[in-house]
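# Descriptive structure summary
Listed below, chain by chain, are the residues.
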Amino acid sequence: MAVAVVVAVSVGFAPTYFLRSRFQTTGLPLYLQVHGLAFSAWVVLFTAQTLLVAARRTDVHRRLGWAGVALAVVMVVAAAGAAIFSGRRDIGAGQGDAALTFLATPFLSILVFVILVAAAVSFRRRPETHKRLMLLATISILDAAVARWPFEILSTSDWALYFWTDLLIVGAILYDLASRRRVHPADVVGGVLIVAGQTLRTVLGETDAWHTIARAILG
């Protein structure tokens, strides 16, 4: 699953972030550079933590875990800042309604990520639960990468995007069934939370109430 996460992010963000100079002639604003660096660091740390457990270096894994918590805080601040600055930019470009609607996506994504990471930390002494929650927290932020995959079908609707992202949740469930003969509760609860967040962001973003909130956030 860690390899799948790395591949998903690399394919999605190579043209616009990792290899931007080869595909783009303009640079990224500083706030997007910070955002990209923080989220890339999370993928690297998630992979490193997985390898440490596989190598039975749980002592190092535990020490790095608190660095992960600090990084998660940085990610939340960076994501919120990027969402606000991007929203203001889009409003300035005459895309006001679209900007207000879209703001629900990053904010609800942040909320789901925070809930899953907080749950993973609280269950850190229960490895089977902890590792699944950390995987789900990582999956919950992958839709931005999947949206940038070079496949036309992903641009047909939000649901097509979410379907391909959520296949990773299905993969975790299938692993449970193959290895444990039952699905772990963390996969069920976390998976439902992710799907509920995806559904709510689409529905909520188009309401007048959310537009009022979004206008206040964007100033």
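The preceding data block contains the structure.
So, a few notes on the structure that sits alongside this text. (Residues numbered from 1 in each chain as written. Predicted model: local features only at pLDDT ≥ 70, side-chain atom pairs only at ≥ 80, totals over all residues. Heavy atoms only, no water.)

## Points about the pattern of salt bridges
Our working definition: Here a salt bridge means any side-chain nitrogen of Lys or Arg lying within 4 Å of a carboxyl oxygen belonging to Asp or Glu. Helix and strand definitions follow DSSP, with helices as H or I runs of at least four residues and strands as E runs of at least two, each counted in order from the N terminus. Relative accessibility decides the category of a residue: with a 1.4 Å probe and only protein chains considered, values under 20% of the type maximum give buried, values over 50% give exposed, and everything between is partly exposed.
Going through the model one piece at a time under the given rule, you end up with seven salt bridges. Measuring nitrogen to oxygen at the nearest pair gives 3.6 Å for the salt bridge that ties Glu-128 to Lys-131. Highlighted residues: Glu-128 and Lys-131, both in helix 7 (residues 127–139), separated by three residues, approximately one helical turn. Given a relative accessible area of 36%, Glu-128 falls into the partly exposed group. When salt bridges with common partners are traced through the structure, they connect Glu-128, Lys-131, Arg-132, Asp-176 and Asp-187 into a single cluster.

## Looking at the side chain of Asp-143
Which entries qualify depends on this criterion: Counting of polar contacts relies on pairs of N or O atoms within 3.5 Å, with two restrictions inside protein: one atom must be capable of donating a hydrogen and the other of accepting it, and residues adjacent in sequence are counted only when both atoms are side-chain atoms.
Within the secondary structure, Asp-143 is located in helix 8 (residues 143–146). Of note is the side chain of Asp-143, whose polar atom sits 2.5 Å from the side chain of Arg-201.

## A closer look at a nonpolar patch on the surface
Convention followed: Two distance rules govern patches: like charges are joined within 9 Å, and nonpolar side chains (Val, Leu, Ile, Met, Phe, Trp, Tyr) within 5 Å, applied only to residues with over 30% relative accessible area and no salt bridge. Per-residue and other accessible areas follow the Shrake-Rupley method at a 1.4 Å probe size, with only the shown protein chains counted as cover for residues.
Together, Phe-151, Ile-153, Phe-163, Trp-164, Leu-167, Val-170, Leu-174 and Leu-177 line one region of the surface with nonpolar side chains, adding up to about 740 Å² of accessible area. Mapped onto the elements of the fold, Phe-151 is located in the loop between helix 8 and helix 9 (158–180). Judged by relative accessible area, which is 48%, Phe-151 ranks as partly exposed.

## Considerations on the nonpolar core
Quick reminder of the rule: In these notes, a set of buried Ala, Val, Leu, Ile, Met, Phe, Trp, Tyr and Cys residues joined through side-chain atoms within 4.5 Å is what counts as a nonpolar core.
Trp-42, Met-75, Phe-113, Leu-116, Ile-139 and Ile-194 are the most contacted members of the largest nonpolar core, which totals 33 residues. Elements with a minimum of two residues in this core: helix 1 (2–18), helix 3 (30–54), helix 4 (58–92), helix 6 (104–122), helix 7, helix 9 and helix 10 (185–204). Ala-83, Leu-103, Trp-210 and Leu-218 belong to the second-largest nonpolar core, a separate cluster that totals eight residues.

## Section: the packing of aromatic side chains
We apply this condition: The criterion for an aromatic pair is that two Phe, Tyr or Trp rings (for Trp, the six-membered ring) have centres within 6.5 Å, with stacked assigned to planes under 30 degrees apart, edge-to-face to planes over 60 apart and tilted to the rest.
The full count for this structure, using the stated rule, is six aromatic pairs. Judged by centre distance (5.8 Å) and plane angle (75°), the rings of Trp-159 and Tyr-162 are edge-to-face. Of the two residues, Trp-159 and Tyr-162 both sit in helix 9, three residues apart, roughly one turn of that helix. Exposure remark for Trp-159: the relative accessible area of 46% places this residue in the partly exposed category. An angle of 85° between the planes, with centres 5.4 Å apart, marks the rings of Phe-163 and Trp-164 as edge-to-face. Judged by relative accessible area, Trp-164 falls into the partly exposed class, the value being 36%.

## Side note on the packing of helix 9 against helix 10
Rules: To get an axis, fit a line to the C-alpha atoms, keeping to the stretch in contact for a helix; angles then go from 0 to 180 degrees between the N-to-C directions. Our angle categories are set so that under 35 degrees counts as roughly parallel, over 145 as roughly antiparallel, 65 to 115 as roughly perpendicular, and the remainder as oblique. Contacts are residue-level and defined by heavy atoms, with any inter-residue pair within 4.5 Å sufficient. Note that Gly is not counted as nonpolar here; it falls among the polar residues with everything else outside the nonpolar set of Ala, Val, Leu, Ile, Met, Phe, Trp, Tyr, Cys and Pro and the charged set of Asp, Glu, Lys and Arg.
Two elements in contact, helix 9 and helix 10, have axes separated by 10 Å at closest approach and are oriented at 175°. Between helix 9 and helix 10, the crossing angle belongs to the class labelled roughly antiparallel. Note on element contacts: helix 10 touches helix 9 through Asp-187, Gly-191, Ile-194, Val-195, Gln-198, Thr-199, Arg-201 and Thr-202, opposite Asp-158, Trp-159, Tyr-162, Asp-166, Ile-169, Ala-172, Ile-173 and Asp-176. Split by residue class, the contact of helix 9 with helix 10 holds seven nonpolar, four polar and five charged.

## Here's the deal with the packing of helix 4 against helix 6
Taken N-terminus to C-terminus, the directions of helix 4 and helix 6 make an angle of 170°; their axes are 10 Å apart at the nearest point. Considered as vectors, helix 4 and helix 6 are oriented roughly antiparallel to each other. Across from Trp-66, Val-69, Ala-72, Met-75, Val-76, Ala-79, Ala-80, Ala-83 and Ile-84 in helix 4, the residues of helix 6 making contact are Pro-106, Phe-107, Ile-110, Phe-113, Val-114, Val-117 and Val-121. By residue class, the composition of the contact of helix 4 with helix 6 is 16 nonpolar, no polar and no charged.

## Describing unusual backbone geometry
Among all residues save glycine, negative phi is the norm, and among peptide bonds the norm is trans. Even without being glycine, Arg-56 reaches a positive phi, approximately 65°. Classification of Arg-56 as exposed rests on a relative accessible area of 75%. If you check the backbone angles, Arg-181 has positive phi at about 70° while not being a glycine. Tracing the backbone through its elements, the reader meets Arg-181 in the loop between helix 9 and helix 10.

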